[in-house]
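Structure at a glance
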Amino acid sequence: MSLLGIELSDAGILAAAGDPPRLLETDGGETSSPGFALSLSDGLILGRDALSRFRLNPRSSTNRFWDDLGTEPIRQPGLEGKTCAELAYRHLGKLWDALRHAAGEVVIAVPGFYTRHQLGILLGIADELSMPVKGFVPIALAGSSATHPRQPLLHLDIHLHRIEITRLEQGARLVQKETKTIAGKGFHYLYTEWVKMVADEFVRITRFDPFDQAAYEQELYNRLPGARQSLQPHAPATFSLEAGSHSYRVPLDYELFAQKTEAVFSEVLRIIDDMLPGAGTGEKGPVLQITRRTAHLPGCKEALYKLPSLALM
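Residues numbered from 1 in each chain as written. Predicted model: local features only at pLDDT ≥ 70, side-chain atom pairs only at ≥ 80, totals over all residues. Heavy atoms only, no water.

Each pocket or cavity is described by its volume, and for the second largest pocket that value is around 200 Å³. Leu231, Tyr254, Ala295, His296 and Leu297 are the residues nearest the centre of the second largest pocket, which is lined by 14 residues in total. Mapped by element, the contributors of at least two residues to the lining of the second largest pocket are helix H6 (214–229) and helix H9 (300–304). Element by element, the count of residues in the lining of the second largest pocket is highest for H9, at 3 residues. (1 Å grid on protein atoms, 1.4 Å probe; cavity = no way out; pocket = protein on both sides within 12 Å on 5 of 7 lines; lining within 4 Å. Points joined across faces, edges and corners; volume = space filled by probe spheres on them. Helix = DSSP H or I, 4+ residues; strand = E, 2+ residues; numbered from the N terminus.)

Moving on, we come to the pattern of salt bridges. Taken as a whole and assessed by the stated rule, the structure comprises 17 salt bridges. Between Arg64 and Asp67 there is a salt bridge, with its nearest N and O atoms 3.4 Å apart. Since its relative accessible area comes to 35%, Arg64 is described here as partly exposed. Using a relative accessible area of 5% as the deciding quantity, one classes Asp67 as buried. A salt bridge links Asp68 to Arg64, with the nearest nitrogen and oxygen atoms 3.1 Å apart. A relative accessible area of 38% places Asp68 in the partly exposed class. (Salt bridge = Lys/Arg side-chain N within 4 Å of Asp/Glu carboxyl O. Buried < 20%, exposed > 50% of the residue type's maximum accessible area, 1.4 Å probe, protein only.)

If you walk through the whole model with that rule in mind, you get 10 aromatic pairs. On the basis of an interplanar angle of 40° and a centroid distance of 6.0 Å, the ring pair of Phe65 and Trp66 is categorised as tilted. Ring centres of Phe113 and Tyr114 lie 5.5 Å apart, and the angle between their planes is 85°; this geometry places the pair in the edge-to-face category. Taken as a pair, Phe113 and Tyr114 share a single burial class, namely buried. Among the aromatic residues, those joined into a ring-pair cluster are Phe202, Phe208, Tyr216, Phe239 and Tyr248. (Phe/Tyr/Trp six-rings, centres within 6.5 Å; stacked < 30°, edge-to-face > 60°.)

Across 4 bridges, strand E5 (residues 37–40) lies against strand E6 (residues 43–46) in antiparallel orientation. Each bridged residue has a counterpart across the sheet, and for Ser39 the counterpart in E6 is Leu44. Connecting E5 to the antiparallel partner E6 that follows it, the hairpin turn spans 2 residues. As defined by bridge partners, E5 adjoins strand E7 (residues 61–62) across 2 bridges and the pair is classed as antiparallel. Bridge assignment links Leu38 to a residue of E7, and that residue is Ser61. (Pairing = 2+ DSSP bridges.)

The next subject is the nonpolar core. Of all hydrophobic cores here, the largest spans 53 residues; its most connected members are Phe239, Phe265, Ile272 and Leu304. The greatest single-element share of this core, amounting to 10 residues, is contributed by helix H7 (residues 254–275). The contacts of Ile272, once residues within four sequence positions are left out, are Leu154, Ile165, Leu288, Leu304, Leu307 and Leu310. Within the second largest apolar cluster, 36 residues are counted, among which are Ala17, Trp66, Leu69 and Ile125. (Core = buried A, V, L, I, M, F, W, Y, C linked by side-chain atoms within 4.5 Å. Contact = heavy atoms within 4.5 Å.)

Moving on, we come to the sheet that holds E5. Here we have 3 strands laid out as an open sheet, ordered E6-E5-E7, and antiparallel in their pairing. With one partner strand each, in any of the chains shown, E6 and E7 form the two edges of the open sheet. Relative to E6, helix H2 (residues 84–99) is tilted by about 65°, and along the sheet it contacts E5, E6 and E7. (Axes fitted to C-alpha atoms, helices over the stretch in contact; angles between N-to-C directions.)

Written out as structure tokens, the structure reads:
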């Protein structure tokens, strides 16, 4: 057994082990497990299964338990009596069942905005699961595979409910010096905006409204991520939905998706600009390391290139 690394982002929890490290399957044969929970009369559904039914049962669903990790009761009809810590325990327990065979010791990469209290809750959860945690490390540090001497170094990541910008100090060791977040503008916000945009196109072009029934809305949410990942600049694609015996099609335009991202990233650019004086001038321009899930957002790089001195890694 080897060291197991877990990256704890509610946008999709990842795990890797081996030499060289490789991503492990954690959730129904997939390598990532999003932070979704659905409480039904016959039990609690977590991860991808909950995501695939999220719009069918909105009153009994939540995707905030990792972001709001705590022990206060959840004030949401359908989830009465549960806490974010309980849902996090159940979610991590589901993943641990799939991972324990590969683990000698565990290191967990955590969001930089987690407080000491939240880290204490996470450590308690790991202890209850008999998970041999060796330590925690901020995601920004765990994801910095290369240093850039004499250059200010920043790290950008996106979670379900917030965007996180971290300033790193390079010396004898890499240190997380400052973290700022944009709350309420993570993956969940962007996908909601994209779904509304595509639904409006269906109504405008075909008069079919995917929001007319929860099943159609859920199908739109389920299929949009794959369609979004295939989009390329200046190369329109087609998106279709089946409703009964009818099939409806609308064009998908990378640039329209990018506009939604760039609107959010205007705040990212402001924060980066504010952080750079505190990072020192350096002999060269600043370096921004961006996570894979961030880099794949339509319009992300276009927005970041508006800071011409910034090198993207």
